[in-house]
Structure formats: structure tokens, C-alpha cells
Amino acid sequence: MKALTAAEMREVDRLTAERHGIPSHELMEAAGKHVADAVLQHFSPALPKRISILCGKGNNGGDGLVAARHLKAAGIDPRVYLFGDPQEMRGDAGANLTRLLEAKNSVLAIKQEADWKHAWPAVAQSEVIVDALLGTGLRGAAEGLLAQAIEDINYLSNYATAPRPALILAVDTPSGLSSDGQRAEGPVLRAHRTITFTAPKIGQLLSHEADSVGALEVRAIGSPSALVE
């Protein structure tokens, strides 16, 4: 299996649509379902009662929104936190936010520090925290509220060594981790498991913070393997 840079992964996604007619929203749907399935499989046959899904405004957050919908269909009511203004959501992520809201699911917007302080006690009591804040397209450091959330979760979990939360699951890559192998410029979320898509990323294998991914699992979401080759 080959590992890709962030730019190579974007090219695979582009060519998946251009050459093979598989639209990006189908890739996001498959990715989000894999995340939901990973949560369900981790606790099977029981269902976790308290799940917090932390979403950014980009496609990584869109994957988290899809996961929330699938978990809801499985009988779980996850808490969804969107770091940013819902009105600024665009593209596939925006469409999935609309779909989630139209199904009468609540999404709490985290726009400022006070919002995060209000939300934090419930997040801290979660059995599962799904990290869909920052994906492989990150450039530079995690900053502001996103950095605060990463640091708070790392402190809560003692860098994924404490018994609770039972599962910290990173979507595609832990937030703050550089995809291309450079040393992170800011905080990196420590996960128990990372579900990445299509192929592993260089930074998940070779960077200074590579151990932040925990158990790395690669899931196919529809891109032909020939594109990776």
C-alpha cells in the first residue's frame, strides 16, 4: 500500500470525479458511514450512550456530519458541535449540514470561547469523541478555538491514555497533524483510532507526531486503486 501527500490525495479525489464519474458527495457519504460503522463496531453489541462529534467547516467536518446522521439511524443521538458559523458552510459539507438539520437533528455552533466553555462539560462526559475538526488539507498550525479544543481533549484523555473517553476517533487524520511529514506547528489531537480514506498519508507514518493516530485503519470510499498507483 502506498502513502500519499495531501496534494496527491486531492488529485486522486479530483480524478475520481473527472475520469470515473464518482461525485465528491458520494465519497463524503462513504467516508462518514465508515466513521459511524467504526464507532458501532468498537462497542458492539452494545451502543455507546454519549457521543460528541466535533466538526470543522470543511470537508472533514462534512464527514463528521454524515457520521452523525448514520449514528442517529442506528439508534444513537450524538451531540454535534460545529466550530464556526453554520451560514458559512459550503459545498458537500454545507449540503450535509442542511440534511442533518432538516431531519430535526440539533447542531451546536461553537463561534467563540464562551460557546466552547458552555459545551465542554458535556463533551468531557462523552464515551466517544469523534474528531472531525481539521483534515489532511491543514496548512500551518491549529489555532484559536480549534487549538483550545485539541488541548482540552488531550488533557482530558491524558493524551489518549486515560480510561475515559473510551474512544477518541479521528476522521481521516488527527486534527493538527501535518499530512506530509513536517513537524506540527501547533497542538495535535491524540486519538485511539484513526479512520483514513483511500490511502495512508505520509505524516501518519513518518512524522514526529505519527503516534497521535493510534490504530490506523484505511477504508476505501470509491476511488479506484489505479489512481493511487
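Use the structure listed above.
Summary of the structure given here. In this text, all values refer to a predicted model and were calculated from it rather than measured experimentally.

1. Description of the layout of surface pockets
Item 1. The volume enclosed by the largest pocket comes to roughly 670 Å³.
Item 2. Taken together, 28 residues form the lining of the largest pocket, with Asp13, Asn59, Asn60, Thr136 and Asp172 sitting closest to its centre.
Item 3. Going through the elements one at a time, α1 (6-20), α2 (24-43) and α3 (59-73) are the ones with two or more residues in the lining of the largest pocket.
Item 4. Across the lining of the largest pocket, the residue classes break down as 11 nonpolar, 8 polar and 9 charged.
Item 5. Size it by volume and the second largest pocket reaches roughly 210 Å³.
Item 6. As for the second largest pocket, its lining consists of 16 residues, of which Leu138, Arg139, Ser178, Asp180 and Gln182 are closest to the centre.

2. Observations regarding the pattern of salt bridges
Item 1. One pass over the structure, following the stated rule, counts 13 salt bridges.
Item 2. For Arg14, the salt bridge identified is with Glu18, shortest N-O distance 2.6 Å. Here the residue Arg14 and the residue Glu18 both occupy positions in helix α1, the gap between them amounting to 4 residues, near one helical turn.
Item 3. Among the residues examined, Arg14 registers a relative accessible area of 39% and is labelled partly exposed.
Item 4. Connected through shared salt-bridge partners, Glu11, Arg14 and Glu18 make up one network.

3. Observations regarding empty space enclosed by the protein
Item 1. Taken as a whole and assessed by the stated rule, the structure comprises 1 cavity of 30 Å³ or more.
Item 2. Its volume calculated, the largest cavity comes out at about 30 Å³.
Item 3. In terms of lining residues, the largest cavity is bounded by Ala68, Lys72, Asp77, Pro78, Val80, Leu100, Asn105 and Ser106.
Item 4. Of the residues contributing to the lining of the largest cavity, the split by class is 4 nonpolar, 2 polar and 2 charged.

4. Considerations on helix α4 (residues 91-102)
Item 1. Compared with an ideal rise of 1.5 Å per residue, which puts 12 residues at 16 Å, α4 spans 17 Å between its outermost C-alpha atoms and is within 8% of the ideal.
Item 2. Taken together, the buried positions of α4 are Asp92, Ala93, Gly94, Asn96, Leu97 and Leu100.
Item 3. On its buried face, α4 is in contact with α2, α3, β2 (79-83) and β3 (107-110).
Item 4. One or two positions beyond α4, positive phi appears at Lys104, with a value near 70°.

5. Section: α2
Item 1. Counted at 1.5 Å a residue, the expected span for α2 with its 20 residues is 28 Å, and the 30 Å between its end C-alpha atoms agrees.
Item 2. What α2 keeps buried is the set Leu27, Met28, Ala31, Gly32, Val35, Ala36, Ala38, Val39 and Phe43.

6. Overview of the side chain of Asp152
Item 1. When you line up the elements, Asp152 lands in helix α6 (residues 144-157).
Item 2. Lacking a salt bridge, the buried Asp152 has Lys117 as its closest oppositely charged neighbour, with an N-O distance of 9.2 Å.
Item 3. Within the structure, Asp152 has its side chain in polar contact with the side chain of Gln148 (distance 2.8 Å).

7. What to know about the sheet that holds strand β4 (residues 128-132)
Item 1. Taken together, the 7 strands give an open sheet; going across it, the order is β3-β2-β1-β4-β5-β6-β7, and neighbouring strands pair in parallel fashion. The two strands at the open ends of the sheet, each matched to only one other strand, are β3 and β7 (215-219). Going from strand to strand, the sheet's axes swing by 20° on average, the running direction of each strand aside.
Item 2. Bridge analysis of strand β1 (residues 51-55) against β2 gives 4 bridges, and the strand direction is parallel. Looking across to β2, one finds that Ile53 is bridged to Val80.
Item 3. Along the sheet face, α6 touches β1, β2, β3, β4 and β5 (167-171) and points at about 140° away from the line of β2.

About the thresholds
Residues numbered from 1 in each chain as written. Predicted model: local features only at pLDDT ≥ 70, side-chain atom pairs only at ≥ 80, totals over all residues. Heavy atoms only, no water. 1 Å grid on protein atoms, 1.4 Å probe; cavity = no way out; pocket = protein on both sides within 12 Å on 5 of 7 lines; lining within 4 Å. Points joined across faces, edges and corners; volume = space filled by probe spheres on them. Helix = DSSP H or I, 4+ residues; strand = E, 2+ residues; numbered from the N terminus. Nonpolar A, V, L, I, M, F, W, Y, C, P; charged D, E, K, R; others polar. Salt bridge = Lys/Arg side-chain N within 4 Å of Asp/Glu carboxyl O. Buried < 20%, exposed > 50% of the residue type's maximum accessible area, 1.4 Å probe, protein only. Expected span 1.5 Å × (residues − 1). Contact = heavy atoms within 4.5 Å. Lys, Arg positive; Asp, Glu negative; His and termini not counted. Polar contact = N/O pair within 3.5 Å; in protein donor to acceptor, adjacent residues only side chain to side chain. Pairing = 2+ DSSP bridges. Axes fitted to C-alpha atoms, helices over the stretch in contact; angles between N-to-C directions.

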